[in-house]
Amino acid sequence: MGTTTSDIEKAAGVLRAGGLVALPTETVYGLGANAEDPAAVARIFQVKGRPPSHPLIVHIGGAEQLDSWVQDVPPTARLLAERFWPGPLTLVLRRGPRVPLEATGGLETVAVRVPDHPVALELLAAFGGGVTAPSANRFGSVSPTTADHVRTELGDAVDFVLDGGSCEVGVESTIVDVTGDVPSILRPGGVTREDLETALGRPLAVPAVSTVRVPGQHPSHYAPRARVVLVEPEDVAAEAALAQEAGHRVGVFLPASLADTPVKAHAVVAVPRSLEGYARGLYGFLRELDEQGCDLIIASLPAEEDLGLAIANRLRRAAGPRTAV
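These numbers come from a predicted model, not from an experiment. (Residues numbered from 1 in each chain as written. Predicted model: local features only at pLDDT ≥ 70, side-chain atom pairs only at ≥ 80, totals over all residues. Heavy atoms only, no water.)

### Regarding the overall build of the protein
Operational definition: Strands are runs of DSSP state E lasting at least 2 residues, helices are runs of H or I lasting at least 4, and numbering of each runs from the N terminus. For the radius of gyration, the atom set is restricted to C-alpha positions; the globular benchmark scales as 2.2 Å times the number of residues to the power 0.38. Note on contacts: a residue pair qualifies if any of its non-hydrogen atoms lie within 4.5 Å across the two residues. To measure how exposed things are, a 1.4 Å probe is used in the Shrake-Rupley method; for residues, cover is taken only from the protein chains shown. Counted as positive: Lys and Arg. Counted as negative: Asp and Glu, with His and the chain ends omitted from the count. Here the site of a charge means NZ on Lys, CZ on Arg, CG on Asp, or CD on Glu.
On a plain count of helices and strands, the protein comes out with 10 helices and 14 strands. Against the globule reference of 20 Å for 325 residues, the protein gives a C-alpha radius of gyration of 19 Å, in line with a compact fold. Sequence separation of at least 24 residues holds for 68% of the intrachain contacts in the protein that already meet a minimum separation of 6. Summed over its atoms, the accessible surface of the protein is roughly 13,100 Å², and 50% of this surface lies on carbon and sulfur atoms. Positive and negative charge centroids in the protein, built from 28 and 39 side chains respectively, lie 5 Å apart.

### Quick notes on the side chain of Thr27
Filter applied, for reference: Partly exposed residues are those whose accessible area sits between 20% and 50% of the maximum for their type, while under 20% is buried and over 50% is exposed, using a 1.4 Å probe and protein chains only. A 3.5 Å cut-off defines polar contacts: any pair of N or O atoms within that distance qualifies, except that in protein one atom must be a possible hydrogen donor and the other a possible acceptor, and neighbouring residues in sequence count only when both atoms are side-chain atoms.
Inspection of the secondary structure puts Thr27 in the loop between β1 (21-23) and β2 (30-34). By relative accessible area, Thr27 is classed as buried at 4%. Among the polar contacts listed, one links the side chain of Thr27 to the side chain of Thr25, at a separation of 2.8 Å. Apart from the residues lying within four places of it in its own chain, the contact partners of Thr27 are Pro88, Arg113, Thr145, Cys167, Val169, Gly170, Val171, Glu172 and Ser173.

### Description of empty space enclosed by the protein
The line we're drawing: Note on definitions: the grid is 1 Å and covers protein atoms alone; a cavity is a set of points where a 1.4 Å probe fits but cannot get out; a pocket is an open set with protein on both sides within 12 Å along at least five of seven lines; lining residues have an atom within 4 Å of a point. Grid points are joined across faces, edges and corners, and a volume is the space filled by probe spheres set on the points. Any residue that is not Ala, Val, Leu, Ile, Met, Phe, Trp, Tyr, Cys, Pro, Asp, Glu, Lys or Arg is counted as polar, Gly included; the first ten are nonpolar and the last four charged.
Under the counting rule described, the total for this entry stands at 3 cavities of 30 Å³ or more. The computed volume of the largest cavity comes to approximately 250 Å³. Its residues assigned to classes, the lining of the largest cavity shows 9 nonpolar, 12 polar and 6 charged.

### Considerations on the packing of helix α1 (residues 5-16) against helix α5 (residues 118-127)
Each pair of packed helices can be described by the angle between their axes along with the distance between the axes. Here is the rule: Only the contacting stretch of a helix is used when fitting its axis, a line to C-alpha atoms as for every element, and angles between N-to-C directions run 0 to 180 degrees. Our angle categories are set so that under 35 degrees counts as roughly parallel, over 145 as roughly antiparallel, 65 to 115 as roughly perpendicular, and the remainder as oblique. For any pair of crossing helices, the crossing counts as left-handed if the nearer helix is rotated counterclockwise from the farther one by less than a right angle, and right-handed if it is rotated clockwise.
Put simply, α1 and α5 touch, their axes get as near as 9 Å, and they point 55° apart. In terms of axis orientation, α1 runs oblique to α5. As for the relative orientation of α1 and α5, their crossing is right-handed in sense. Of the residues in α5, those touching α1 at Ile8, Glu9, Ala11, Ala12, Leu15 and Arg16 are Val119, Glu122, Leu123, Ala126 and Phe127. Its residues placed into classes, the contact of α1 with α5 shows 8 nonpolar, no polar and 3 charged.

### Quick look at the UniProt feature "domain: YrdC-like" (unreviewed entry) in the protein
The criterion, for reference: UniProt positions are given in the numbering used here, feature names are shortened, and annotations may be inferred rather than shown by experiment.
Within this structure's numbering, the places UniProt gives as "domain: YrdC-like" (unreviewed entry) are residues 5-191. Here residues 5-191 runs as 29% helix and 20% strand, with 30 Å between its end C-alpha atoms.

### Quick notes on the pattern of salt bridges
To keep it simple, the criterion reads: Here, a salt bridge means any Lys or Arg side-chain nitrogen found within 4 Å of an Asp or Glu carboxyl oxygen.
If you walk through the whole model with that rule in mind, you get 13 salt bridges. Here Glu108 makes a salt bridge to Arg95, at a shortest N to O gap of 3.1 Å. Residue Glu108 is located in the loop between α4 (101-104) and β6 (109-113), and its partner Arg95 is located in strand β5 (residues 89-95); the two are separated by 13 residues in the primary sequence. A relative accessible area of 47% means that Glu108 is categorised as partly exposed. For Arg95, a relative accessible area of 15% puts it in the buried group. Across the pair Glu245 and Lys264 runs a salt bridge whose closest N-O atoms are separated by 3.7 Å. Within this pair, whereas Glu245 is found in helix α8 (residues 236-245), its partner Lys264 is found in the loop between β12 (250-254) and β13 (267-270), the two being separated by 19 residues in sequence.

This is the structure in structure tokens:
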């Protein structure tokens, strides 16, 4: 990490000129464009290979800017913004006139958040506007949590990369729909369901299938090159041995509860005991097993509470059917 004021100014200039900037956030690195420039926004979809019907998140510099980007903000949204912004929470609200339909996938709703990273906030302040920024990777693949991940995957397709070090949270933001009478979690992420329920004083639904289009809902998403297979924790070692004997180059996510279990595999990642550590390292672990030449990854799901809900969501998507988009 070593971002300077001149780096920030250069990145802001690139955004003003309609270019793309990779920027660090606390969740993952984003591929940013001027949210009010339809041509720049369209270029994001082109570089990522992302279907234009998939909405993007608009990043803004503070909760006080919310009303200039959206309309009809309910008290629930203001409460959540006050409690969790800056932070890994995205709110889905009605689109304001500043937001082009190119950024929303043609929807009249828009996803908005305030990132909790000093470099991202400095860029937003210097730029003076909103930045649409999905993860800075090819559509459907593993999200980047370092600047090197971005450079390796996207190369010269990005006009400027701001290096803000490794991402602290490591999984994308939680997306909450606050357009209706009852808020619901459309994507679990860096703010836990438990924290949201405490703030609101009510239980929140997490629909298995959302009727609202938001980022990260393609059946195969966050996926490495290797095929991911999910099994029960106690079956990880046996499944890995069978696959290895069948000729696969097997990578294993070894649960912390089985840390002393001998595993027959090409490569083994010891899963951190803390959910925070697991979330922070998840995408790096998937990339590491790809780099070691694994063609199959055996993993299990953590308990779906706290950050475990987001980790399990990402692993299920990584193991999803690899269909053409």
